[in-house]
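Below are the chains, spelled out letter by letter.
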Amino acid sequence: MYNQPSPLETRILTRRFGLPRSAAIETYLAHEGYQAYEKARGMTPEAIIEEVKTSALRGRGGAGFPAGMKWSFVPRASSKPKYIVVNADESEPGTCKDRLLMENDPHQLIEGMLIAALAVDARAGYIYIRGEYRYLIEIMDRAIAEAYQHGFLGRGFDAYTHTGAGAYECGEESALLESLEGKRGIPRIRPPFPAVVGAFQCPTVLNNVETYCAVPWIILRGGGAFAELGTPKNGGTRLFCLSGHVNRPGVYELPLGFPLLKMIHEVGGGIRNGNRLKAVIPGGSSCPLLKAEEADLPMDYDSLAKARSMLGSGGVVIMDETTCMVKVALRIMRFYAHESCGWCIPCREGTNWLRKLLERFHDGMGRSSDIVLIGSLAKNMLGRTFCPLGDAAALPTISIVEKFAAEFEAHLEGRPCPFEEAGRLVMA
Amino acid sequence: MTFSHQLEAKLAKLMRSYPAGRERSALVPLLLFAQDEVGAVTPEVVEEAARRLKITTLEVEEVVSYYSMLHRRPLGKHHLQICTNISCLLTGGSELWEQACRRLGVGHKEVTADGQISLEEVECIGACSWAPALQVNYDFYHQVTPERLDRLLAELRNV
């Protein structure tokens, strides 16, 4: 752990964090480890899936799809082998939670995989870890070896780690599967979805690290208990990653539905230097931004959708009054232009045109017609790509030009950035 | 091409990780692990990967060109990767980036003349709550201050 925990946390997935040698199997076994797996072995696959459905556990990677539902789509009667794949390609800007889950409690993830395997009759599983997280491959490999020694792995289910090598796109599920098969990470056309045609063209359960990590607790304490922690249809807790201009940035486990303003001011210790809140990215850089006056809402999937944003991956990026929103839009777009895999033209060309337009703006050479052009270019990308990266680039951009139009106007016709003139953007 | 015993053992385990007939799956990890040892994805590494996985060198090349961590020329002994994505931007990452460029006299994906340090401006490395952050090779550095960066650069020049 790299930050102090908060007394406001509800520690479910992180309850073993901070124990001495928390990653070791002995520690895990001494604290309920693999008990859920033993319990699940006495359950039918239908009962396991039903429990996960009852828990209202939704995907923690970004899309928020109900996990139990996803598992139920796997055709168990199929004669093909089935696979469990863990998306540990954490690379959504603002997100740094899966790292902690693997670093501090790798067996919780393995146990989640084992239970998912029972639910869909899978015989092997792969943990796809981004290349930059090399130390986590070592930690997971050690944990896997321990799980073999103790007989949890190897009796009908094998687990492996697999490394990526630097590509945001590989966090998208179908691109991840391509990458797992030794190819460029470009998205597949869906349907068919991975549940039916996934890894190695076989039925596959593919979830985020945090989603699997919630499963042992759900099996042990019951889906109902997990569901009750959150709000209706938004079960449990999640690891929120607070970053940016707060006094106590950090990763905190809080129940779904936790008020965003309370998260910023009480968990995060408020805005640095006594400044005012200006904007929040509620769930990673792919989500439409919220203005300060829109931030009074509970952090669950449905409330964020109602506010025309997303809960996303749990990356809560907080910006104060000194932040230049044109610069933020530009930095976000530079990222997507760099990471677009190039497969779909609206995304490949759109992100680069938007980057150029925003660069021109930030250099003080924007034209008033560009404000309209940025919005219309971004809107023309929506829904026109095979994977969500195109939308992920367009949505925050649209939200910034619409909600902070005045800041774009302040950058027009050769005027220098008012935020840089007043000092540096960053006054950390 | 022969690799060290440790790498060969690692690759042997890797090749056993995938279903029969799906050995190509080992390609990305193989290239990254080989690069760690050889220093770059050289033409020899490409040919060796193709030979071992029974695919064409073209199929290897198209993968090499896709992944940003794979590179064809050797980097510095210490590869300094500074994140300037959103959370780091808000907390001083760009200033750290400029500072490193000035101090080292090199830019993005360039190597110092003595081959000690290479520099890269990277996208989000997953340390947002402990920003600004950077990596030296695979090691993370969190909440990096300008002073800490200067000390780090001095250390890396000499080891």
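Position numbers for residues count from 1 along each chain, tracking the sequence in the order it is written. Chain labels run from A onward and ligand labels from 1 onward, assigned in the order the entries are written. Only residues with pLDDT of at least 70 get local features here, since the model is predicted, and only at 80 or more are side-chain atom pairs given and counted; chain-wide, interface and lining totals rely on the full set of residues.

## A look at the overall build of chain B
Right, on to step 1. Broken down by element type, chain B carries seven helices and five strands.
Right, on to step 2. Elements are defined by DSSP. Helices are runs of H or I of four residues or more, strands are runs of E of two residues or more, and each kind is numbered from the N terminus. Of the regular secondary structure in chain B, the N- to C-terminal order runs α-α-α-α-β-α-α-β-β-β-β-α.
Right, on to step 3. Seen through its C-alpha atoms, chain B measures out along the principal axes to roughly 50 × 35 × 25 Å.

## Examining helix H3 (residues 45–54) of chain A
An α-helical segment advances 3.6 residues per turn. Residues three or four places apart therefore align on the same side.
Residue and element names in this part refer to chain A.
Right, on to step 1. Among the residues of H3, those classed as buried are Ile48, Ile49, Glu51 and Val52. Mapping the buried residues of H3 onto a view down its axis gives an arc of 155°, with all of them on the same face.
Right, on to step 2. Two residues form a contact once the distance between their C-beta atoms, set from the backbone, is within 7 Å. Buried residues belonging to H3 abut helix H2 (35–41), helix H4 (67–72), helix H6 (106–120), helix H9 (209–221) and helix H10 (223–229).
Right, on to step 3. Directly after H3, the chain includes Ala56, whose backbone phi takes a positive value near 55°. Three exposure classes are used. Buried residues have 20 or more other C-beta atoms within 10 Å of their own C-beta, exposed residues have 12 or fewer, and partly exposed residues fall in between, all C-beta atoms being placed from the backbone. Here the arc refers to the directions that run from the helix axis out to each C-beta atom.

## Side note on the sheet that holds strand E1 (residues 83–88) of chain A
All names here are of chain A.
Right, on to step 1. Taken together, the four strands give an open sheet; going across it, the order is E3-E2-E1-E4, and neighbouring strands pair in parallel fashion. The open sheet terminates on both sides in strands that have one partner only, identified here as strand E3 (158–163) and strand E4 (204–208). Direction aside, neighbouring strands of the sheet carry axes that sit 20° apart on average.
Right, on to step 2. Being paired, for any two strands, means DSSP has found at least two bridges between them. Bridging between E1 and E4 involves five bridges; their strand directions are parallel. Among the inter-strand pairings, Val85 is bridged to a residue of E4, identified as Leu206.
Right, on to step 3. The angle between two axes is taken between their N-to-C directions and runs from 0 to 180 degrees, where each axis is a line fitted to C-alpha atoms and a helix contributes only its stretch in contact. Sitting on the sheet, H9 touches E1 and E4, and the angle it makes with E4 is about 100°.

## Observations concerning the domain arrangement of chain A
All names here are of chain A.
Right, on to step 1. Domain limits in this description derive from either an automatic procedure or a database domain assignment. When the domains of chain A are assigned, the result is domain 1 (25–229), domain 2 (237–320) and domain 3 (325–421).
Right, on to step 2. Placing a centre on the C-alpha atoms of domain 1 and another on those of domain 2 gives a separation of 26 Å.
Right, on to step 3. Tallying the contact residues gives 14 residues for domain 1 and 18 residues for domain 2.
Right, on to step 4. Of the residues in the side of domain 1 that touches domain 2, the class split is four nonpolar, five polar and five charged. Any residue outside Ala, Val, Leu, Ile, Met, Phe, Trp, Tyr, Cys, Pro, Asp, Glu, Lys and Arg is labelled polar, Gly included; the first ten of those are nonpolar and the last four are charged.

## Re unusual backbone geometry
Right, on to step 1. Of note, the amide linkage connecting Arg190 of chain A to Pro191 of chain A takes the cis form, showing an omega dihedral of -5°.
Right, on to step 2. Turning to its location among the elements, Pro191 of chain A is positioned in the loop between helix H8 (173–180) and E4.
Right, on to step 3. At the junction of Pro191 of chain A and Pro192 of chain A, the peptide bond is cis and its omega measures out at 0° in the coordinates.
Right, on to step 4. With respect to the element layout, Pro192 of chain A can be found in the loop between H8 and E4.
Right, on to step 5. In this structure, Arg21 of chain A takes a positive phi of about 50° despite not being glycine.
Right, on to step 6. Turning to its location among the elements, Arg21 of chain A is positioned in the segment before helix H1 (25–30).
Right, on to step 7. Residue classification places Arg21 of chain A among the exposed positions, given that 9 C-beta atoms sit within 10 Å.
Right, on to step 8. A positive phi angle is found at Asn137 of chain B, which is not glycine, with a value near 50°.
Right, on to step 9. As for its position among the elements, Asn137 of chain B is in the loop between strand E4 (134–136) and strand E5 (139–141).
Right, on to step 10. Judged by the 13 C-beta atoms lying within 10 Å of it, Asn137 of chain B is partly exposed.

## Topic: the interface of chain B and chain A
Right, on to step 1. With 38 residues of chain B at the contact, the number on the chain A side is 51 residues.
Right, on to step 2. Listing elements by their share of the side of chain B that touches chain A, those giving two or more residues are helix H2 (27–38), helix H4 (57–64) and helix H5 (86–89) of chain B.
Right, on to step 3. A per-element tally of the side of chain B that touches chain A places H2 of chain B first, with five residues.
Right, on to step 4. Tallied by class, residues from the side of chain B that touches chain A come to 22 nonpolar, eleven polar and five charged.

## Comments concerning helix H7 (residues 134–149) of chain A
Residue and element names in this part refer to chain A.
Right, on to step 1. Expected span, for any helix, means 1.5 Å times one less than how many residues it has. For H7, spanning 16 residues, the distance from its first C-alpha to its last is 23 Å, which sits close to the expected 22 Å at 1.5 Å a residue.
Right, on to step 2. Leu136, Ile137, Met140, Ala143, Ile144, Glu146 and Ala147 are the residues of H7 that are buried.
Right, on to step 3. Against the buried residues of H7 lie H1, helix H5 (98–104), H6, strand E2 (124–129) and E3.

## Observations concerning the domain arrangement of chain B
Right, on to step 1. Considered domain by domain, chain B is made up of domain 1 (5–64) and domain 2 (78–158).
Right, on to step 2. Computed over C-alpha atoms, the centres of domain 1 of chain B and domain 2 of chain B are 29 Å apart.

## Things to note about the packing of H6 of chain A against H9 of chain A
The packing of two helices is summarised by the inter-axis angle and the distance between the axes.
Residues and elements named next belong to chain A.
Right, on to step 1. At a closest axis distance of 7 Å, the pairing of H6 and H9 adopts a crossing angle of 75°. By the angle between their directions, the pair H6 and H9 is classed as roughly perpendicular. Contacts between H6 and H9 involve Gln108, Leu109, Glu111, Gly112, Met113, Ile115 and Ala116 on the former and, on the latter, Val209, Tyr212, Cys213, Val215, Pro216 and Ile219.
Right, on to step 2. The residue makeup of the contact of H6 with H9, split by class, is ten nonpolar, two polar and one charged. In what follows, roughly perpendicular refers to angles from 65 to 115 degrees, roughly parallel to angles under 35, roughly antiparallel to angles over 145, and oblique to any angle outside these ranges.

## Looking at the sheet that holds strand E5 (residues 237–244) of chain A
Where strands meet in a sheet, backbone hydrogen bonds hold them as pairs that are either parallel or antiparallel.
All names here are of chain A.
Right, on to step 1. An order of E6-E5-E11-E8-E9 is seen for the five strands of this open sheet, with the pairing classed as mixed. Of all the strands in the sheet, just strand E6 (250–255) and strand E9 (290–291) have a single pairing partner and so form its edges.
Right, on to step 2. As defined by bridge partners, strand E8 (residues 277–281) adjoins E9 across two bridges and the pair is classed as antiparallel. Residue pairing across strands places Ala279 opposite Lys291, the latter belonging to E9.

## Examining the pairing of E6 of chain A
Residue and element names in this part refer to chain A.
Right, on to step 1. The buried fraction of E6 is high, at six of six residues.
Right, on to step 2. Burial along E6 is two-sided: the residues Gly250, Tyr252 and Leu254 and Val251, Glu253 and Pro255 are all buried.
Right, on to step 3. In the sheet, E5 pairs with E6 via six bridges, with the strands oriented antiparallel. Note on E6: the bridge partner recorded for Thr237 is Pro255.
Right, on to step 4. Where E5 folds back on E6, the antiparallel hairpin that results is connected by five residues.

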